[in-house]
Amino acid sequence: MIEVLMLQKNFFRECKTNAQYLDLATNAHGDEKGLLLHRALDRIQRSSRTAVEVGPGGGAAVSYLASALDVHDIEALQLTLIEAPGVESRSLAQSIDDFNRAGGSCVLKRGLVEDIDSIIPEPVDVISASALLHEVYSYSGAYSGLHAVMRALPTMLRYHGYFVYRDVYAVESPSLHDRTVQSYDSLAWLQFIRMFVPHYLREGTHPYHHAADDMVVRQNSRIVPIDQLDVNSCASIVAPVGVFREIQRHYVTLRDHVWRSGVLGFKPYLEGQLAHDWVDFKRGHKRVHYTLTGTDWLSHSQQVSLLAMSEVYADHYTIDSDILDEVTDVALTEFLIAAMKGDESCSQVWSSWLAREGRESYAYMTLDDLLAEFAVSSADSESRTVLMPVQAGDIARVDRNYYNRFLRKRLATPLVDAKQLVLFQNVPCSDESTLRRAMEAIQHVCGKQNLARIYTAMNSRRSFGYESC
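From a predicted model like this one, the values you see are computed outputs, not experimental measurements.

Reading guide: rules and limits
Residues numbered from 1 in each chain as written. Predicted model: local features only at pLDDT ≥ 70, side-chain atom pairs only at ≥ 80, totals over all residues. Heavy atoms only, no water. Helix = DSSP H or I, 4+ residues; strand = E, 2+ residues; numbered from the N terminus. Contact = heavy atoms within 4.5 Å. Areas by Shrake-Rupley, 256 points an atom, 1.4 Å probe, with all protein chains shown as cover. Core = buried A, V, L, I, M, F, W, Y, C linked by side-chain atoms within 4.5 Å. Buried < 20%, exposed > 50% of the residue type's maximum accessible area, 1.4 Å probe, protein only. Polar contact = N/O pair within 3.5 Å; in protein donor to acceptor, adjacent residues only side chain to side chain. Pairing = 2+ DSSP bridges. Axes fitted to C-alpha atoms, helices over the stretch in contact; angles between N-to-C directions. Salt bridge = Lys/Arg side-chain N within 4 Å of Asp/Glu carboxyl O.

A. Representation of the overall build of the chain in the model. Each helix and strand in the chain was counted, giving 18 helices and 17 strands. Taking the intrachain contacts of the chain between residues at least 6 apart in sequence as the baseline, contacts between residues at least 24 apart amount to 79%. Carbon and sulfur atoms provide 49% of the accessible area of the chain, an area that totals close to 20300 Å².

B. Molecular detail of the nonpolar core. Within the largest apolar cluster, 61 residues are counted, with the highest numbers of intra-cluster contacts made by I247, F335 and W350. For this core, the secondary-structure elements that each account for two or more residues are α10 (187–203), β9 (235–240), α11 (241–261), β12 (285–292), α13 (321–341), α14 (344–357) and α16 (401–410). Every residue in contact with I247, bar those within four places of it in the chain, is listed here: Y184, W189, F192, I193, V197 and M215. Within the second largest apolar cluster, 46 residues are counted, among which are I82, I119, M156 and A438.

C. Main features of the side chain of Q420. Note on placement: Q420 falls in strand β17 (residues 418–428). In this structure the side chain of Q420 is engaged in a polar contact, spanning 3.4 Å, whose partner is the backbone nitrogen of L367.

D. Here's a closer look at the sheet that holds strand β8 (residues 222–223). Overall, antiparallel pairing links the 4 strands, which are arranged β6-β9-β7-β8 in an open sheet. Among the strands making up the open sheet, the edge pair consists of β6 (179–184) and β8. Each of β6 and β9 is contacted by α11, which is oriented at about 120° to β9, the strand it contacts most.

E. Just the pattern of salt bridges, in detail. Within this structure, the stated rule accounts for 19 salt bridges. Taking the shortest distance from any N to any O, the salt bridge between R249 and E246 comes out at 2.8 Å. Taken together, the residues R249 and E246, both in helix α11 and 3 residues apart, mark about one turn of the helix. On the accessibility criterion, R249 (4% relative accessible area) is buried. Using a relative accessible area of 1% as the deciding quantity, one classes E246 as buried. Salt-bridge contacts for E326 lead to R410; the nearest nitrogen and oxygen are separated by 3.9 Å. Here the residue E326 occupies a position in helix α13, and R410 occupies one in helix α16, the gap between them amounting to 84 residues. On the basis of relative accessibility, which here comes to 13%, the residue R410 falls in the buried class. If you follow the salt bridges from partner to partner, you end up with R46, D125 and R158 in one network.

Laid out in structure tokens, this is it:
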């Protein structure tokens, strides 16, 4: 029933189990991960509470709870973390130790389909997950996998329990198949598109298979194959908006991966306090802290120029983020060309990123559609409950200011983005009062069509002799 919660074994073990990914890349935004979980626990009116985090990554949410909860609340909480066999994280182990030393009970359990019932033998108060739907879509059944997750979650929660979900990337268009035009003139972006897009369309799990989804690339008024782009000539591309979103997202994840590798000769701080040295938070403008890695990738003149634009800060350097973006674009172009030509170090970094991220598609939904899909699918479960936010404050959109600033400076028509955070409650169909409050909470987000879908799903059981929502 919930096998889709456990992603492909090879993907987990071979692509997302290295310490760099788990201890760094998945361990940012601890406050954001833990905030809604903390709020959900505060609403549980029980002397003891149970919570499960699916895919804890590097343990950021565990660390947040250890610092945010008082001693009494920690002692009253039984926290279970679920991870696939073979996945190890030093920072997660440290977070668990810190939580338990503070008086809590936090255990890490492992399992796949065959032992999931023993991991969660009975319903719990709260389940928390970040970006789960995206990976389920990519590696466990696409849309059928998503709907299976949404139907399974209510059976794993107590009545009035909560599902905390974070990191659904916000979109404005209701259809990812709407065709649009993008132009690219940056060497780095053109080289990336030439190398990445053919692999993604060939190997990835994505919905762009129809004739109307075909990408049409024009340079100098001629249609050219995507893998034969001339990186020295502006390209005009017609494609589904969802494909362009994937190009944007994957470019940024590659840039961050290359930064973390240190192969470019410098390594920015992407996590921790130094990663949030804002000049203007609302505008997404910040100072970037970085260290030199000692590699000889940068030429002497490039390194001198980089240091001339930087300032010394303790044992490292700081630089304006806009300037670093310019430097990175130049270096990333050279990196991609070197990887394509077979340079050993660059090819290894490129291949490791492509193996981990190159097949992944995000299940982009508008906030309107996300709420509707959860409500409709959960109402079709065996639990006789429906997953819905019950207060307006349970629905949040967080703009990705730094990401959007970067895109606006690089692309003619960027697709701006945001994160969505939703606190769903597992509301019994018999609880008319709470369901009424839930409908009121989503009215400012959902359009009339989705409101009608939700209403129909909540009341359709009556026609089949079931208790109606």
